[in-house]
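Architecture and fold: a report
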Amino acid sequence: MRQQSKQVFAGKVAIGGGAPISVQSMLNVPASDIEGNVRQAVELERAGCEILRVSIPDQAAVALIPAIKQAVQIPLVADIHFDYRLALESAAAGIDKIRINPGNIGGSDHVKAVADACRQRGIPIRIGVNSGSVEKEILAKYGAPTPEALVESALYHASLLECFDFTDIVLSIKSSDVDTMIRAYELCAERCGYPLHLGVTEAGTERMGLVKSSIGIGSLLQRGIGDTIRVSLTADPVKEIAAGMDILKALNLRNEGIQFVSCPTCGRTKIDLIAIAGEVERRLSHCRKPIKVAVMGCAVNGPGEAREADIGIAGGDGVGLLFKKGEIVRKVPEDKLVDELVKEVEAL
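The sections below set out a description of the structure shown in this document. Every value quoted in this text rests on a predicted model; they were computed, and no experiment measured them. Here the residue index of a chain counts from 1 through its sequence in written order. Only residues with pLDDT of 70 or above have their local features reported here, since the model is predicted, and side-chain atom pairs are shown and tallied only from 80 upward, although totals for entire chains, interfaces and linings are computed over all residues. As a rule here, side-chain values cover all heavy atoms of the structure and leave hydrogens and water aside.

Before going further, it helps to spend a moment on the overall build of the protein. Only runs of H or I of at least four residues qualify as helices and only runs of E of at least two qualify as strands under DSSP, and these elements are numbered from the N terminus. Of regular secondary structure, the protein possesses 12 helices and 15 strands. In terms of its C-alpha atoms, the protein occupies a principal-axis envelope of roughly 75 × 45 × 30 Å. We call two residues in contact when some of their heavy atoms are within 4.5 Å. Taking the intrachain contacts of the protein between residues at least 6 apart in sequence as the baseline, contacts between residues at least 24 apart amount to 63%.

Here it is, written out as structure tokens:
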């Protein structure tokens, strides 16, 4: 059962308070390339991204905000470090959410200025702490960026905003170490009611990053911890969206889109199941129907093992069986299997 947290809004997207878990990504085009950022933002929105973040490293980059917001409908987050003036400029430019650490932007007058600007416009602030950003005093206290150190740092930053009655806060407490990340979020969920942005930072390339993110994000969501997620990959950010959606679907937290079931093949398999499964996944990748599709290797166990699938195919000797809910519908030649399966899915 999901833990209830405070609810905030990034644009029209609710975060926390029982709202559906949203999937985020971040633009990785140089901030100076406005056209490239806009193009990638459109690609990410088409891929299903629900909250989008962009780096605002300097004053010139603020121009990205209106350009991107004119091109997409999803909320935009300004990623800002150290310079509070960039937060004020981003708020004035129409940003939907700001990622900044209040303890790193100067004195209390700077924090108050950002809190006031965001309050007036209904802009939430995400505080992002990771293993490399923990304050020296906290590191000295714990000896390392332990889960306890990460949480203390995050709550310290939150307290700076709370001093000015600002509580539309989202917390992220990331680590590249999965165990540390999991424990930090567990501790934070125990100690505060702010919405939590889950992620494993610097998770790695597509292969390892997906494994680490699935373990870290998935294990927390399975226990009801977390309100929005980003799968961080050293790859095309469109792949982050697909990975995030798949994690949610695997946990039955998202019904939109196909959930695939396929077997690993064995000595009984007499069709090219690996190629067939890959083609099925590719051709149905944009289908938004909330169904389960199975691609199984043999007729001996296929329909039975995939009985819960809405529709599926099972291999034979140069032919395959098309089945629905475990019941065989008809035989299909191997070279027609994918076409027939796709046709049946489209007809559902």
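Further notes follow.
Before going further, it helps to spend a moment on helix H6 (residues 147-162). Given a helix with a known number of residues, its expected span is that number minus one, times 1.5 Å. Spanning 16 residues, H6 covers 22 Å between terminal C-alpha atoms, matching the ideal 22 Å at 1.5 Å per step. Those residues of H6 not exposed but buried are Pro 147, Ala 149, Leu 150, Val 151, Ser 153, Ala 154, Leu 155, His 157, Ala 158 and Leu 161. Taken together, the buried residues of H6 touch helix H4 (108-121), strand E7 (125-130), helix H5 (136-142), strand E8 (169-174) and helix H7 (178-191). To sort residues, take the accessible area from a 1.4 Å probe on protein chains only and compare it with the maximum for the residue type: under 20% means buried, over 50% means exposed, and anything in between is partly exposed.

The patch calculation keeps residues exceeding 30% relative accessible area without a salt bridge and links them within 9 Å when they carry like charges or within 5 Å when they are nonpolar (Val, Leu, Ile, Met, Phe, Trp, Tyr). Reported accessibility uses the Shrake-Rupley method at a 1.4 Å probe radius. Residues are deemed covered only where the shown protein chains occlude them. Any carboxyl oxygen of Asp or Glu within 4 Å of a side-chain nitrogen of Lys or Arg constitutes a salt bridge here. A contiguous nonpolar patch, built from Met 208, Val 211 and Ile 215 and spanning about 240 Å² of accessible area, is present on the exposed surface. Relative to the elements of secondary structure, Met 208 occurs in helix H8 (residues 206-222). Note on Met 208: relative accessible area 37%, which makes it partly exposed.

Residue types Ala, Val, Leu, Ile, Met, Phe, Trp, Tyr and Cys, when buried and joined through side-chain atoms within 4.5 Å, form a set referred to as a nonpolar core. One finds Leu 52, Ile 68, Ile 98 and Leu 171 to be the most contacted residues of the largest nonpolar core, which totals 76 residues. Per-element tally for this core: the top contributor is H7, with eight residues. If sequence neighbours within four positions are ignored, Leu 171 has contacts with Ile 127, Ala 154, Leu 155, Ala 158, Tyr 185, Cys 188, Cys 192, Tyr 194, Pro 195, Leu 196 and His 197. Grouped together as the second largest cluster of nonpolar side chains are 19 residues, Leu 273, Leu 284, Ile 291 and Ile 313 included.

On to the layout of surface pockets. Considering only enclosed or pocket space, the largest pocket measures out at about 810 Å³ in volume. As defined here, a cavity is a set of points on a 1 Å grid over the protein atoms alone where a 1.4 Å probe fits but cannot get out. A pocket is an open set with protein on both sides within 12 Å along at least five of seven lines, and residues line them when an atom is within 4 Å of a point. Lining the largest pocket are 27 residues, and of these Ala 242, Met 245, Asp 246, Lys 249 and Ser 285 lie nearest its centre. With nine residues, the single largest contributor to the lining of the largest pocket is helix H9 (residues 237-250). In terms of residue class, the lining of the largest pocket is made up of 11 nonpolar, five polar and 11 charged. Grid points are joined across faces, edges and corners, and a volume is the space filled by probe spheres set on the points. In this model, the second largest pocket occupies a volume close to 250 Å³. Along the walls of the second largest pocket sit 17 residues, with Arg 53, Lys 174, Thr 201, Arg 230 and Ser 232 positioned nearest its centre. Among the secondary structure elements, those contributing two or more residues to the lining of the second largest pocket are E7 and E8. Its residues assigned to classes, the lining of the second largest pocket comprises four nonpolar, seven polar and six charged. Residues are sorted three ways: Asp, Glu, Lys and Arg are charged, Ala, Val, Leu, Ile, Met, Phe, Trp, Tyr, Cys and Pro are nonpolar, and all the rest, Gly among them, are polar.

What follows concerns the environment of Val 295. Structurally, Val 295 can be placed in strand E12 (residues 292-296). Classification of Val 295 as buried rests on a relative accessible area of 2%. Apart from the residues lying within four places of it in its own chain, the contact partners of Val 295 are Val 261, Ser 262, Cys 263, Leu 273, Ile 276, Ala 277, Val 280 and Ile 313.

Under the defined criterion, the tally for this structure stands at 23 salt bridges. Note that Arg 39 is salt-bridged to Glu 35, the shortest N-O span being 3.6 Å. With Arg 39 and Glu 35 both in helix H1 (residues 34-47) and four residues apart, the pair spans about one turn of that helix. With its nearest N and O atoms 3.1 Å apart, the salt bridge here joins Lys 239 to Glu 206. On the criterion of sequence distance, the pair formed by Lys 239 in helix H9 and Glu 206 in helix H8 is long-range, its members being 33 residues apart. Through salt bridges that share partners, Lys 324, Arg 330, Glu 340, Lys 343 and Glu 344 make up one connected network.

Turning next to the pairing of E7. Counting buried positions along E7 gives five out of six residues, so the element sits mostly inside the fold. The pairing criterion is simple: DSSP has to find at least two bridges between the two strands. As paired strands, strand E6 (residues 97-99) and E7 are joined by two bridges and run parallel to one another. From the neighbouring strand, Ile 98 faces E7, where its bridge partner is Ile 125. The handedness of the E6 to E7 crossover, carried by H4, is right-handed. As defined by bridge partners, E7 adjoins E8 across six bridges and the pair is classed as parallel. Throughout, right-handed denotes a crossover for which the path from the first strand over the helix to the second runs clockwise when the strands point away from the viewer.

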